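# Examination of the molecular architecture
Each chain is listed here by its residues.
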Amino acid sequence: MSEGTRDTEDTAGTEDTAGTDRATAHQATAHRATADQATGDGGADEGRGAAITLRVDQNEYLPAAAGRAEMHAIVRVEARGLGPAAARAAASEVIVIDCSGSMAWPPTKIMAARKATVAAVSALRKGTRFAVVQGTERAEVVYPPTGGMAVAGPDTKAAASRAAMKLAALGGTAIGTWLDLARRLHSEQPTALRHTLLLTDGKNEHEDPGDLARVLDACAPSFTCDARGIGDGWDATELKEIVRRLRGRADAVLDHSDLPAEFEALTRGSMARALAALRIRIRTRAGGAVGMVKQVYPTRVDLTDEGARPDPRTWEWRSGPWGDEVREYQVCVTADPEGDAQDEEIELAWVELALDGASADSASAGGPAKDDRSGAGAADIRLPAAESVLVRWTDDPLLSSRIHPRLAHYGADDALGLAVTAAYDAYVAGEPRQALTHWGRAVRLAHELGNEKMLDRLRGLVDIVDAAAGEVRLRERIRPLDLNSAMVLSEESSRFRGPGPGAADPLAPAVPTAPAMSAMPPGPDLECPNCGRMAPATATFCQQCDTTLHPGGPGTPAGAV
């Protein structure tokens with residue numbers, strides 16, 4: 001479908017004709033060919049500076065006999081070559097350090113916080129507006145001493161480092177108050193890129209319930225925030241909610257001596273951003289609708305309700321800031337085979353990008369953007385042509401039952417996050433045996449995904465006997481830090497790496513070979529002794545409650561020994 005056709009559709013609204021809406025395979029292929037010619041590899045012209053690329057991965061086949069159905073696809077957005085633009089970007093950074101009384105013990109905690117603040121300040125780019133905030137039951141700017149924000153340079157960075165080394169642990173914890181001060185500091189600056197770095201060792205105990213939620217509502221449009229929890233007293237669910245709302249990432253400080261390097265890396269990452277935001281727009285053909293959109297990498301966030309819907313066929317959302325990085329999104333579009341030909345490639349929807357503050361027409365497909373309100377050098381950044389979400393209606397169940405490996409990967413990744421969260425909730429509720437079941441499943445999934453970071457965190461909670469089978473033993477002593485360090489990563493995803501060399505067709509259905517089928521032990525269906533669900537004779541785990549069916553005997557929780 002050509003761009004001219006889409007312009008006509010946008011003007012005509014829902015009065016599109018069937019011929020205009022339903023692109024044939026020839027039209028969709030011609031559209032992609034035009035995009036490839038304009039942009040090199042489907043989105044960006046290699047060797048011509050900064051660019052954003054866009055790609056859609058999916059299994060195009062849906063069963064024609066099923067009627068109205070959902071088409072799922074992974075949308076991959078990559079920004080590259082933004083370094084020169086980042087070096088010119090106007091940015092502000094607020095470093096917020098928990099200085100409550102609990103930070104005094106052990107003494108290595110407050111010392112690590114001081115050194116980490118110095119490391120973050122040292123990583124600031126020249127010209128960046130910045131401030132250091134001391135957080136107790138109040139919030140106070142300790143640098144610059146006059147309040148407000150300073151401009152990073154050799155003298156101001158040296159003075160801020162001296163002030164950081166005097167931070168003292170004495171007071172309470174009011175995280176909402178700290179973040180609200182950061183919001184006010186950022187809002188006074190003429191900067192498009194605004195970031196806050198937060199360190200805490202406690203829960204938000206010195207504010208009324210609901211205060212933090214109201215502050216996050218106010219802060220969300222203003223700045224992004226990355227956070228670290230140190231010690232045993234912080235709340236992983238609270239920190240996760242803060243970074244979810246403020247489009248950042250959270251983690252635990254496992255060793256106090258590691259904190260300065262982590263703060264330096266986080267600040268350098270903030271300084272490498274060049275675009276304040278991108279707008280992602282999805283528009284369906286007449287009669288279609290966007291059912292769901294969620295980010296699946298690098299973190300999982302459901303964006304469906306955050307997007308605007310200017311009309312029934314369009315969903316649009318403003319992302320957070322970008323440096324050189326990759327983000328992936330899962331999109332669900334409704335599809336109806338009525339009136340469509342079978343076994344032909346048909347366009348259900350298209351995905352396009354725009355610089356924030358500019359309309360979709362501000363940049364030509366595969367050409368430089370015309371609007372410069374998204375950050376330094378935005379006019380030099382090449383935007384990709386739109387990409388299509390397609391469908392082929394078929395009566396072949398082998399084709400329609402296949403799952404694209406990217407979708408399968410992120411589906412398993414989502415299941416891993418749910419297992420970690422369920423285990424945390426069960427353990428906190430005083431149900432360690434139930435927690436063990438979920439941790440066993442989490443170990444199995446993390447092993448299958450190759451997620452070594454999560455496996456390492458899970459080792460602080462269970463002894464892993466057999467990772468592939470999810471066989472684990474509960475550790476005798478579980479520290480709050482170990483519990484929080486796994487939970488805080490439950491929404492962090494591992495990147496899909498693709499099948500290895502020589503792998504079979506990635507979309508081929510998993511059908512056992514004849515020898516494997518003949519080796520399957522015969523027998524009646526199995527009844528789960530825990531929940532009563534029936535399972536095939538070959539099943540190892542109950543799919544409903546994850547109880548081990550065999551080997552090991554009935555009624556054994558998955559992973560328990």
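Rules and cut-offs
Residues numbered from 1 in each chain as written. Predicted model: local features only at pLDDT ≥ 70, side-chain atom pairs only at ≥ 80, totals over all residues. Heavy atoms only, no water. Helix = DSSP H or I, 4+ residues; strand = E, 2+ residues; numbered from the N terminus. Areas by Shrake-Rupley, 256 points an atom, 1.4 Å probe, with all protein chains shown as cover. Phe/Tyr/Trp six-rings, centres within 6.5 Å; stacked < 30°, edge-to-face > 60°. Buried < 20%, exposed > 50% of the residue type's maximum accessible area, 1.4 Å probe, protein only. Lys NZ or Arg CZ within 6 Å of the ring centre and 35° of its normal. Pairing = 2+ DSSP bridges. Axes fitted to C-alpha atoms, helices over the stretch in contact; angles between N-to-C directions. Salt bridge = Lys/Arg side-chain N within 4 Å of Asp/Glu carboxyl O. Contact = heavy atoms within 4.5 Å. Expected span 1.5 Å × (residues − 1). Parallel < 35°, antiparallel > 145°, perpendicular 65-115°, else oblique. Nonpolar A, V, L, I, M, F, W, Y, C, P; charged D, E, K, R; others polar. pLDDT = per-residue confidence, 0-100. Core = buried A, V, L, I, M, F, W, Y, C linked by side-chain atoms within 4.5 Å.

## Observations concerning the overall build of the protein
The number of helices and strands found in the protein is 16 helices and 24 strands. As presented, the protein carries roughly 23900 Å² of accessible surface, and 51% of it is formed by carbon and sulfur atoms.

## With respect to the packing of aromatic side chains
Here a ring pair, both rings aromatic, is described through the centre-centre distance and the interplanar angle of the planes. Enumeration over the complete set of coordinates arrives at three aromatic pairs. With a centroid separation of 5.6 Å and an interplanar angle of 45°, the aromatic rings of Tyr 427 and Trp 439 are classed as tilted. Within this pair, whereas Tyr 427 is found in helix α12 (residues 405-428), its partner Trp 439 is found in helix α13 (residues 432-449), the two being separated by 12 residues in sequence. Overall, the relative accessible area of 1% leaves Trp 439 in the buried class. Here Arg 327 stacks its cationic end above the ring of Trp 322, 3.9 Å away from the centre of that ring.

## Here we look at the sheet that holds strand β2 (residues 61-63)
The strand order across the open sheet formed by six strands is β2-β18-β17-β11-β15-β14, and the pairing between neighbours is mixed. Edge positions in the sheet fall to β2 and β14 (308-311), since each of these pairs with one other strand and no more. Strand-to-strand twist across the sheet, computed as the mean angle between neighbouring axes with direction ignored, equals 25°. Bridge count between strand β17 (residues 346-355) and strand β18 (residues 387-394): five bridges; the pairing is antiparallel. Its bridge partner lying in β18, Ile 346 is registered against Val 391.

## With respect to the pattern of salt bridges
Applying the stated criterion across every chain yields a total of 32 salt bridges. In this structure, Arg 300 and Asp 413 form a salt bridge, with 2.3 Å as the shortest nitrogen-oxygen distance. With Arg 300 in the loop between β12 (290-297) and β13 (301-302) and Asp 413 in helix α12, the pair connects residues that are 113 residues apart, well separated along the chain. One exposure class covers both Arg 300 and Asp 413, and it is buried. One salt bridge in this structure joins Glu 492 and Lys 453, with 3.2 Å as the shortest N-O distance. Here Glu 492, found in the loop between α15 (480-487) and α16 (514-519), pairs with Lys 453, found in helix α14 (residues 452-458); they are 39 residues apart in sequence, far enough to count as distant.

## Description of the sheet that holds strand β1 (residues 51-57)
The strand order across the open sheet formed by five strands is β1-β3-β16-β12-β13, and the pairing between neighbours is antiparallel. With one partner strand each, in any of the chains shown, β1 and β13 form the two edges of the open sheet. Alignment of β1 against strand β3 (residues 69-80), held across seven bridges, turns out to be antiparallel. The residue bridging Leu 54 from the neighbouring strand is Val 77, located in β3. This element, α12, spans β1, β3, β12 and β16 (325-335) of the sheet and lies at about 90° to β3.

## What about α13?
Over its 18 residues, α13 runs 25 Å from end to end, which matches the ideal 26 Å to within 8%, given 1.5 Å per residue. Here α13 has its buried residues at Ala 435, Leu 436, Thr 437, Trp 439, Gly 440, Ala 442, Val 443, Arg 444, Leu 445, Ala 446 and Leu 449. With its phi angle positive at about 70°, Gly 450 sits one or two positions after the end of α13.

## Section: the packing of helix α5 (residues 107-122) against helix α6 (residues 154-164)
Helix-helix packing is described using two parameters, namely the angle between the two axes and the distance between the axes. In contact at an axis separation of 9 Å, α5 and α6 are set at 170° when each is read in the N-to-C sense. By the angle class used here, α5 and α6 are roughly antiparallel. In contact with Arg 114, Thr 117, Val 118, Val 121 and Ser 122 of α5, α6 contributes Lys 157, Ala 160, Ser 161 and Ala 164. Residues that form the contact of α5 with α6 fall into these classes: four nonpolar, three polar and two charged.

## Points about the confidence of the model for the protein
Looking at the protein as a whole, the pLDDT averages 83, with 77% of positions reaching at least 70. Confidence drops under pLDDT 50 across residues 1-47; counting only partners more than four residues distant or on other chains, this segment forms 88 contacts. Predicted confidence is poor over residues 550-561, with pLDDT under 50, and the contacts of this stretch with residues over four places away or in other chains come to 37 contacts.

## Some thoughts on the pairing of strand β20 (residues 471-474)
Pairing of strand β19 (residues 462-466) with β20 involves four bridges; the strand directions are antiparallel. For Asp 466, the partnering residue across the bridge sits in β20 and is Glu 471. The hairpin formed by β19 and β20 contains four residues between the paired strands, and Gly 470 there has a positive phi angle of roughly 70°.

## Quick notes on the environment of Ala 79
Its place among the elements puts Ala 79 in strand β3. On the accessibility criterion, Ala 79 (2% relative accessible area) is buried. Expressed as a C-alpha distance, the spacing of Ala 79 and Arg 382, which sit 303 residues apart in the sequence, is 9.9 Å. When neighbours within four sequence positions are excluded, Ala 79 is seen to be in contact with Ala 51, Ile 52, Trp 322, Gly 323, Asp 324 and Glu 325.

## Regarding the environment of Val 75
Positionally, Val 75 belongs in strand β3. Expressed as a C-alpha distance, the spacing of Val 75 and Asp 57, which sit 18 residues apart in the sequence, is 6.5 Å. When residues no more than four places from it in sequence are discounted, the contact partners of Val 75 are Leu 54, Arg 55, Val 56, Arg 327, Glu 328, Tyr 329, Val 331 and Val 351.

## Concerning the nonpolar core
Ranked by internal contacts, the top residues of the largest apolar core, which has 58 residues, are Leu 179, Leu 198, Ile 242 and Trp 439. With eight residues, the single largest contributor to this core is α13. Setting aside chain neighbours within four positions, we find Leu 198 in contact with Val 96, Ile 175, Trp 178, Cys 225, Asp 226, Ala 227, Arg 228, Leu 239 and Ile 242.

## Quick word on unusual backbone geometry
Across the junction of Trp 105 and Pro 106, the peptide omega takes the value -10°, indicating a cis bond. Positionally, Pro 106 belongs in the loop between β4 (91-98) and α5. Omega for the peptide link from Tyr 143 to Pro 144 comes to 0°, which places this bond in the cis form. If you trace the backbone, Pro 144 turns up in the loop between β6 (139-143) and β7 (150-151). One non-glycine residue, Arg 247, lies in the positive phi region at around 55°. With respect to the element layout, Arg 247 can be found in the loop between α9 (236-245) and β10 (250-253). When its relative accessible area of 33% is taken as the criterion, Arg 247 is described as partly exposed. One non-glycine residue with positive phi stands out, namely Asp 343, at about 60°. Secondary-structure assignment places Asp 343 in the loop between β16 and β17.

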